[in-house]
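Residue-level structure breakdown
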Amino acid sequence: AVLVGTVIQLGWVALQVAHLDPLFQATVPQSGPAPAFVEPVGWMGNPMDLALLLGVSLPLLLAVRPRWLGRAVAALTALTMLLGLRTTVGAMAVGVTALWMLWEPLASWRWLRQATVVLIALAGVLYVLVWDPHVGSRPLIWKQAGHLIGLRPFAGWGPNAVDHRLLLLTPKTELRWNFIFNEWLQAWLELGMLAPALAVGYLVTLARRLRGRWREAGELPAVAAIVLLASCFSIPFRIGPVALVAALALGQLERRLT
C-alpha cells in the first residue's frame, strides 16, 4: 500500500512538473496574475505535506520485496524530496534513512560512523539555512504559542482552537497561520499539559523496549525517528495520510516488540 501510494504521488509530481496536471489548478493569488503552472505537490495541499508523507514512507520502501523495486522507488523519492520539494522535513527524512542504512555496515569502523553522523547533521543544518522558507517565521510563531500556553497551561484552549479561537500572526510578514510548526506545542496549546506528558511517557517506554532489539524491529525505528524529529518543526499527525502511515508503522513496531 505504501509503495503504490508513493508511486502515485511521484507520478502526479511528474505531471505537475511537465505542466500536464489534469485536475489541480494553480493557486489563485489575491492580487496579481495567476501562475500558469501547479507547483509539485502531488496529490497533497502543499510541498510540506507531500514531503511529510514521502518522508515517513521512505524507510518502509526499503523493506519492499523485491528489494530492487523498493530501493529504486526509494531513490526516486529521495531525489524528489531533495531536488523538487526542498523542504526541511524532506531533507531530514533522507538523512535519517541514510543514517539507518549505513549504521550497521559501519559498525566495525566506529570513527567512520561518528563522522557520518556529524556530516549528515551538518548537511541538514546547511540545508535548512539555505532552503527552508520558514526558518525565520518559526521562532516568531513558537514565541506566540508559548505565550498562549502560559495563559492556559493545564486545560489548553480546546481541539482545533488555532485559527478559530486563536489567531497567530508573524508581524514581519503579516501572515496568518492555522498551525504552529510543532506538534508538541500545538498539542499542549490545544489539549493542555497532559497531551505532551502522555506522548513523552510513550516514547520512554518505547525506547526501553527497543533496547537491544533494533535488528528485530527492522526499518520501523527509522520511521519512528522521522516522525519524532518532524514533530519538532512540523505537524505530521495533523495531516491525514501522514498520520495513517505513521500509525501503520508504529502499530507494526508494537507487534514486533510484543
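As a reminder, the structure under discussion sits directly above these lines.
To start, this report covers the structure provided alongside it. Worth saying up front: this structure is predicted, and the values here are computed from it rather than measured.

1. Remarks on helix α4 (residues 88-103)
In this model α4 runs 22 Å from its N-terminal to its C-terminal C-alpha over 16 residues, within 8% of the 22 Å that 1.5 Å per residue would give. Within the sequence span of α4, burial applies to T88, V89, G90, A91, M92, A93, V94, G95, V96 and T97.

2. Notes on the packing of aromatic side chains
Scanning the model with the defined rule gives 2 aromatic pairs in all. For the ring pair W12 and W43, a centre distance of 4.8 Å and an interplane angle of 70 degrees mean the geometry is edge-to-face. Here the residue W12 occupies a position in helix α1 (residues 2-17), and W43 occupies one in the loop between α1 and α2 (47-61), the gap between them amounting to 31 residues. On the accessibility criterion, W12 (16% relative accessible area) is buried. For the pair F179 and F181, a centre-to-centre distance of 4.7 Å together with 70 degrees between the ring planes defines the contact as edge-to-face. Judged by its relative accessible area of 1%, F181 is buried. Just above the ring of W157 sits the side chain of R152; from NZ or CZ to the centre is 5.0 Å.

3. Some remarks on the side chain of E183
Following the sequence through the fold, E183 ends up in helix α7 (residues 183-191). Dropping the residues within four chain positions of it, E183 is found in contact with S231, S234, I235, P236, F237 and R238.

4. A few points about the packing of α2 against α4
Packing of α2 against α4 leaves a shortest axis separation of 8 Å and a crossing angle of 10 degrees. Taken as axis vectors, α2 and α4 run roughly parallel relative to one another. Note on element contacts: α4 touches α2 through V89, G90, A93, V94, T97 and W100, opposite M48, A51, L52, G55, L58 and P59. Classifying every residue of the contact of α2 with α4 by side-chain character gives 9 nonpolar, 3 polar and no charged.

Each value, and the rule that gives it
- Residues numbered from 1 in each chain as written.
- Predicted model: local features only at pLDDT ≥ 70, side-chain atom pairs only at ≥ 80, totals over all residues.
- Heavy atoms only, no water.
- Helix = DSSP H or I, 4+ residues; strand = E, 2+ residues; numbered from the N terminus.
- Expected span 1.5 Å × (residues − 1).
- Buried < 20%, exposed > 50% of the residue type's maximum accessible area, 1.4 Å probe, protein only.
- Phe/Tyr/Trp six-rings, centres within 6.5 Å; stacked < 30°, edge-to-face > 60°.
- Lys NZ or Arg CZ within 6 Å of the ring centre and 35° of its normal.
- Contact = heavy atoms within 4.5 Å.
- Axes fitted to C-alpha atoms, helices over the stretch in contact; angles between N-to-C directions.
- Parallel < 35°, antiparallel > 145°, perpendicular 65-115°, else oblique.
- Nonpolar A, V, L, I, M, F, W, Y, C, P; charged D, E, K, R; others polar.

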